[in-house]
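One-letter residues, chain by chain:
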There are 2 protein chains.
Amino acid sequence: MFEKVDKHSGIPAYIQVIDIIKKEILLGNLKSEDQLPPVRELQDIFDVNVNTILKALERLQSEGIVEARHGVGYFVKSSQSPKTEVIKILDETVQKLKIMGIDLHTAILIMEEVWKNDSKT
Amino acid sequence: MFEKVDKHSGIPAYIQVIDIIKKEILLGNLKSEDQLPPVRELQDIFDVNVNTILKALERLQSEGIVEARHGVGYFVKSSQSPKTEVIKILDETVQKLKIMGIDLHTAILIMEEVWKNDSKT
DNA sequence: TATTGTGTTATAGTTATATAGAACACTATA
DNA sequence: TATAGTGTTCTATATAACTATAACACAATA
């Protein structure tokens, strides 16, 4: 279910863990009220230390995305729902970009810039 | 011309510098054969140490994006050109996403996932 | 109550990232 | 040749990120 953490990317592991869990929720693979795997399992899944997992979960909790229940587990908060419409729009865009031979990282850099400069906010 | 480095984002400064310079080239603000500002100026512009600038430029060089000329300066390699068509496509997409109330980071996470799963590669 | 499964906290050590400051090397030009 | 502007290398130090390991705290249940 979860992708791996790339230890040589230069991006801190805890940030990668945050983003991977967010993705699963956005895609609907983790739904409202779902329980996450126990921290010791997440440790094995991502091949990082418990403290790194906790740092990620702490951040996700402070963003209101998950909720900790001591002695029970971590749960996806009920406000979270999959972004099916966004997925559809981006799917069409990605197909066009791939035909043009653009790579993902370049596409992201350009999108960040377009996002910032677009006046229709 | 250049945006700032965010020292509290958790993303290493040298990676941010790499991406900011890449953006300027993709947008056409830095063109083929253009000379970059001297490393000591880049140090002031980004408010980071020379060594951090050098680490970024080293990486950009190994990716074939810029070229170092000892005693002269850093130059954008001739193979680089602005991605105007990509900008146009992403501009339309971004407008739709903004209307839907999506934030940039969420859009990027979903795009990464769609990119990976799309079979039309 | 005792046990198991869960989250939580703490300590100590390692590595990567970033800084400051200085010195050195190459190029262009007066 | 001398100088100014550029890139390059080095050392020492500080901080953030990550690891390993252990112990502690809470909840559910036999």
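Residues numbered from 1 in each chain as written. Chains lettered and ligands numbered in written order. Predicted model: local features only at pLDDT ≥ 70, side-chain atom pairs only at ≥ 80, totals over all residues. Heavy atoms only, no water.

**Remarks on the protein's contact with DNA strand D**
(1) Moving on: Close to DNA strand D lie 26 residues; Ala13 and Asn49 of chain A together with Val39, Arg40 and Tyr74 of chain B are nearest.
(2) Moving on: Close to the protein, within 4 Å, the atoms of DNA strand D belong to sugar or phosphate groups at a rate of 59%.
(3) Moving on: In the model, a phosphate oxygen of DNA strand D is placed 2.9 Å from a nitrogen or oxygen of the Thr52 of chain A side chain.
(4) Moving on: Its residues placed into classes, the surface near DNA strand D shows 11 nonpolar, nine polar and six charged. (Near = heavy atom within 4 Å. Polar contact = N/O pair within 3.5 Å; in protein donor to acceptor, adjacent residues only side chain to side chain. Nonpolar A, V, L, I, M, F, W, Y, C, P; charged D, E, K, R; others polar.)

**Thoughts on the packing of helix H5 (residues 104-117) of chain A against helix H4 (residues 84-99) of chain B**
(1) Moving on: Direction vectors running N to C along H5 of chain A and H4 of chain B enclose 60 degrees, while the axes themselves pass 9 Å from each other. Viewed along their axes, H5 of chain A and H4 of chain B adopt a mutual orientation that is oblique. For the crossing formed where H5 of chain A meets H4 of chain B, the hand is right-handed. When H5 of chain A is examined against H4 of chain B, the residues Ala107, Ile110, Met111, Val114 and Trp115 of chain A are found in contact with a partner set consisting of Val86, Ile87, Leu90, Asp91, Val94, Leu97 and Lys98 of chain B. (Axes fitted to C-alpha atoms, helices over the stretch in contact; angles between N-to-C directions. Helix = DSSP H or I, 4+ residues; strand = E, 2+ residues; numbered from the N terminus. Parallel < 35°, antiparallel > 145°, perpendicular 65-115°, else oblique. Left-handed = near helix turned anticlockwise from the far one by under 90°. Contact = heavy atoms within 4.5 Å.)

**Examining the nonpolar core**
(1) Moving on: Grouped together as the largest cluster of nonpolar side chains are 28 residues, with contacts concentrated most on Leu97 and Met111 of chain A together with Leu97 and Met111 of chain B.
(2) Moving on: Of all the secondary structure elements, the ones that give two or more residues to this core are helix H4 (84-99) and H5 of chain A together with H4 and helix H5 (104-117) of chain B.
(3) Moving on: If we ignore the near neighbours within four places in the chain, the residues touching Met111 of chain B are Leu90, Val94, Leu104, Ala107, Ile108 and Met111 of chain A. (Core = buried A, V, L, I, M, F, W, Y, C linked by side-chain atoms within 4.5 Å. Buried < 20%, exposed > 50% of the residue type's maximum accessible area, 1.4 Å probe, protein only.)

**Notes on the domain arrangement of chain A**
(1) Moving on: When cut into domains, chain A gives domain 1 (13-76) and domain 2 (84-117).
(2) Moving on: For domain 1 of chain A and domain 2 of chain A, the distance between their C-alpha centres works out to 27 Å. (Domains from an automatic or database assignment.)

**Some thoughts on the interface of chain B and chain A**
(1) Moving on: Contacts between the two partners involve 44 residues from chain B, matched on the other side by 44 residues from chain A.
(2) Moving on: For the chain B and chain A pair, buried surface summed over both sides reaches about 4600 Å², with 76% attributable to carbon and sulfur atoms.
(3) Moving on: Of all residues in chain B, Lys98, Met111 and Trp115 of chain B bury the most surface against chain A, accounting for 16% of the area lost on that side.
(4) Moving on: Our count for the chain B to chain A interface comes out at six salt bridges.
(5) Moving on: Residue Glu3 of chain B is joined to Lys116 of chain A by a salt bridge in which the shortest nitrogen-to-oxygen separation is 3.1 Å. (Buried area = accessible area lost by both parts, 1.4 Å probe. Salt bridge = Lys/Arg side-chain N within 4 Å of Asp/Glu carboxyl O.)

**Describing the packing of aromatic side chains**
Residues and elements named next belong to chain A.
(1) Moving on: Under the definition given, this model contains two aromatic pairs over all chains.
(2) Moving on: Relative to Phe46, the ring of Phe2 lies with its centre 5.5 Å away and its plane at 65 degrees, an arrangement referred to as edge-to-face. Taken together, the positions of Phe2 in the segment before helix H1 (13-27) and Phe46 in helix H2 (residues 39-46) put the pair 44 residues apart, joining distant regions of the chain. For the pair Phe2 and Phe46, a shared accessibility class is recorded, and that class is buried. (Phe/Tyr/Trp six-rings, centres within 6.5 Å; stacked < 30°, edge-to-face > 60°.)

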